[in-house]
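For reference, the chains in residue letters:
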Amino acid sequence: MNFDRARAQSSAVALADGRQRLARAVTAAAHDWAPAQREMLAMVATPPEDIAGVIERIGNVQEILDSLPPSPGNNRVAAFNTLYLTITEQVADSLTGPDVTDPHWLETLDVEFARLYFKALGTWGVTGANPAGAWEVLFRRAHDDTVTAMDAAVLGVNAHINHDLALAVVATWERLGYPGDGPQHPDYLLVNKIFYQQIPLLRRRFATAWQLEIDRCVGDLDDWSQRILVRTTRAMAWEQAEVLWRLRDDPEDLARALLVLDRASACAGETLLTGTTLLKAVWLTAAAWFRRLVKRR
């Protein structure tokens with residue numbers, strides 16, 4: 001496997017230009033977690049050590065977000081946080097089930113995954129620190145009531161899967177060793193099943209009246225297509241992690257790859273705001289940008 005440095009550089013520039021063209025004006029743009037900035041930073045300062053701590057922390061973050069503008073319980077980041085809490089609780093329940101081969105590995109992955117989210121929350125509004133671009137797309141719209149709760153939740157999922165998941169997988173390998181496609185990989189795929197079970201409920205929870213009417217018209221088609229999307233994007237995140245793992249001893253190429261990953265996921269987020277019907281194409285395109293950087297012999 002060779003890493004294409006020239007393409008990485010040109011891709012990073014093209015993605016930055018593309019995001020600038022796609023970015024739309026933000027109504028009441030947020031710049032921090034005011035009036036609860038101090039509380040938020042204190043809440044996420046210490047990384048959780050286990051999945052119970054992750055769940056407790058997400059719940060505490062929810063309380064803070066629900067106190068923020070535009071009105072109590074209506075902050076746009078809170079929409080994603082609610083979804084994330086539901087999925088994490090389901091993962092925690094699955095750890096003791098018969099389908100999990102290595103519960104310690106899956107719990108470690110979940111903890112590393114959550115730490116990236118808390119890290120993003122803790123850098124917002126802090127001088128000299130910036131969250132990943134995809135998180136910034138969502139955080140800036142925390143007070144923007146022209147963005148629907150569903151769109152906000154999708155922006156968070158985009159940031160967490162298209163940007164954070166590959167990094168969480170690498171962090172898990174660093175702690176527990178690289179398993180390749182060993183017995184841990186089916187545990188990774190088990191989370192897909194949780195998404196499949198929750199997608200219909202979660203999507204309809206955030207849908208507007210108009211979106212619910214469309215949902216009734218198409219029946220199970222949207223649920224099916226989004227299950228395919230989850231499976232595909234999470235598979236690509238594993239592939240991205242493998243690329244990053246091979247680059248870990250080359251700081252310059254690793255930095256180039258991380259920059260492309262950051263900008264591709266941010267560009268995807270901006271595109272999602274132009275119409276959620278573009279969701280499949282955007283996510284797949286964002287992942288494809290990263291895959292183009294690798295030449296296999």
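(A) Region of the structure containing the overall build of the protein. Scanning the protein from N- to C-terminus turns up 12 helices and two strands. Secondary structure elements of the protein, listed N to C terminal, follow the sequence β-α-α-α-α-α-α-α-α-α-α-α-α-β. Counting only residues that meet the buried cut, the protein has 52% of its 297 residues in that class. The contacts of the protein with a sequence gap of at least 6 include a subset with a gap of at least 24, amounting to 80%. When the accessible surface of the protein is summed, it comes to about 13400 Å², and 54% of that surface belongs to carbon and sulfur atoms.

(B) Region of the structure containing unusual backbone geometry. In this structure, P35 follows A34 across a cis peptide bond, with omega equal to 5 degrees. In the segment running from P69 into P70, the intervening peptide bond is cis, with an omega of 15 degrees. Locating P70 in the fold gives a position in the loop between α3 (51-66) and α4 (76-94).

(C) Up close: the packing of aromatic side chains. Inspection of every chain in the model, using the stated rule, returns 16 aromatic pairs. Ring centres of Y117 and F118 lie 5.7 Å apart, and the angle between their planes is 40 degrees; this geometry places the pair in the tilted category. Like Y117, the residue F118 is buried in the burial classification. Summarising the aromatic geometry, the rings of W135 and F139 are spaced 5.6 Å apart at their centres and angled 25 degrees between planes, so their arrangement reads as stacked. Of this pair, W135 and F139 both sit in helix α6 (residues 133-139), separated by four residues, roughly a single helical turn. Each member of the pair W135 and F139 is classed as buried.

(D) Structural context of the packing of α3 against α4. The contact between α3 and α4 brings their axes to 10 Å, and the two run at 160 degrees. In this view, α3 runs roughly antiparallel relative to α4, as classed from their interaxial angle. Like other packed secondary-structure pairs, α3 and α4 cross with a definite hand, here left-handed. Packed against α3, whose contacting residues are I51, V54, I55, I58, V61, Q62, L65 and D66, the element α4 presents V77, A78, N81, T82, Y84, L85, T88, E89, V91 and A92 at the interface. The residue inventory of the contact of α3 with α4, partitioned by class, reads 12 nonpolar, four polar and two charged.

(E) Seen up close, the nonpolar core. Ranked by size, the top nonpolar core spans 74 residues in total, and within it W33, L65, Y117, L121, W135 and F139 carry the most contacts. Of all the secondary structure elements, the ones that give two or more residues to this core are α3, α4, α5 (103-123), α6, α7 (149-176), α8 (184-206), α10 (221-246) and α11 (251-272). In terms of residue count, the dominant contributor to this core is α7 (14 residues). Ignoring sequence-local partners within four residues, the contact set of W135 consists of F80, Y117, A120, G156, A159, H160 and D164.

(F) Main features of the confidence of the model for the protein. Across the protein, the average pLDDT comes to 80, with 72% of residues at or above 70. Below pLDDT 50 for its whole length, residues 207-225 participates in 17 contacts with residues either more than four positions away or in separate chains.

(G) Expanded view of the packing of α4 against α7. At a minimum axis separation of 8 Å, α4 and α7 run at an interaxial angle of 65 degrees. Pair α4 / α7 crosses with right-handed handedness. Mapping the contact onto sequence places R76, A79, F80, L83 and Y84 in α4 and A149, A152, A153, G156, V157 and H160 in α7. Tallied by class, residues from the contact of α4 with α7 come to eight nonpolar, two polar and one charged.

(H) Molecular detail of the environment of D66. On the secondary structure map, D66 appears in helix α3. Each residue touching D66, except ones within four places of it in the same chain, is listed here: P72, G73 and A78.

(I) Quick look at α5. The terminal C-alpha atoms of α5 lie 30 Å apart, and with 21 residues this matches the ideal 30 Å at 1.5 Å per residue to within 8%. Here α5 lies mainly inside the structure; 15 of its 21 residues are buried. Two residues or fewer after α5 comes G125, characterised by a positive phi angle close to 85 degrees.

(J) Region of the structure containing the pattern of salt bridges. All chains considered together, the criterion is met by seven salt bridges. Taking the shortest distance from any N to any O, the salt bridge between E270 and R141 comes out at 3.4 Å. Here R141 lies in the loop between α6 and α7 and E270 lies in helix α11, a separation of 129 residues in the sequence. For the pair E270 and R141, a shared accessibility class is recorded, and that class is buried. When the shortest N-O distance is used, the salt bridge between E252 and R256 registers 3.9 Å. One end of the pair, E252, and the other, R256, are both in helix α11, four residues apart, so they sit about a helical turn from each other. Looking at R256, the relative accessible area reads 25%, which means it is partly exposed. One network of salt bridges, with partners in common, ties together E49, E112, R115 and R175.

Thresholds applied
- Residues numbered from 1 in each chain as written.
- Predicted model: local features only at pLDDT ≥ 70, side-chain atom pairs only at ≥ 80, totals over all residues.
- Heavy atoms only, no water.
- Helix = DSSP H or I, 4+ residues; strand = E, 2+ residues; numbered from the N terminus.
- Buried < 20%, exposed > 50% of the residue type's maximum accessible area, 1.4 Å probe, protein only.
- Contact = heavy atoms within 4.5 Å.
- Areas by Shrake-Rupley, 256 points an atom, 1.4 Å probe, with all protein chains shown as cover.
- Phe/Tyr/Trp six-rings, centres within 6.5 Å; stacked < 30°, edge-to-face > 60°.
- Axes fitted to C-alpha atoms, helices over the stretch in contact; angles between N-to-C directions.
- Parallel < 35°, antiparallel > 145°, perpendicular 65-115°, else oblique.
- Left-handed = near helix turned anticlockwise from the far one by under 90°.
- Nonpolar A, V, L, I, M, F, W, Y, C, P; charged D, E, K, R; others polar.
- Core = buried A, V, L, I, M, F, W, Y, C linked by side-chain atoms within 4.5 Å.
- pLDDT = per-residue confidence, 0-100.
- Expected span 1.5 Å × (residues − 1).
- Salt bridge = Lys/Arg side-chain N within 4 Å of Asp/Glu carboxyl O.

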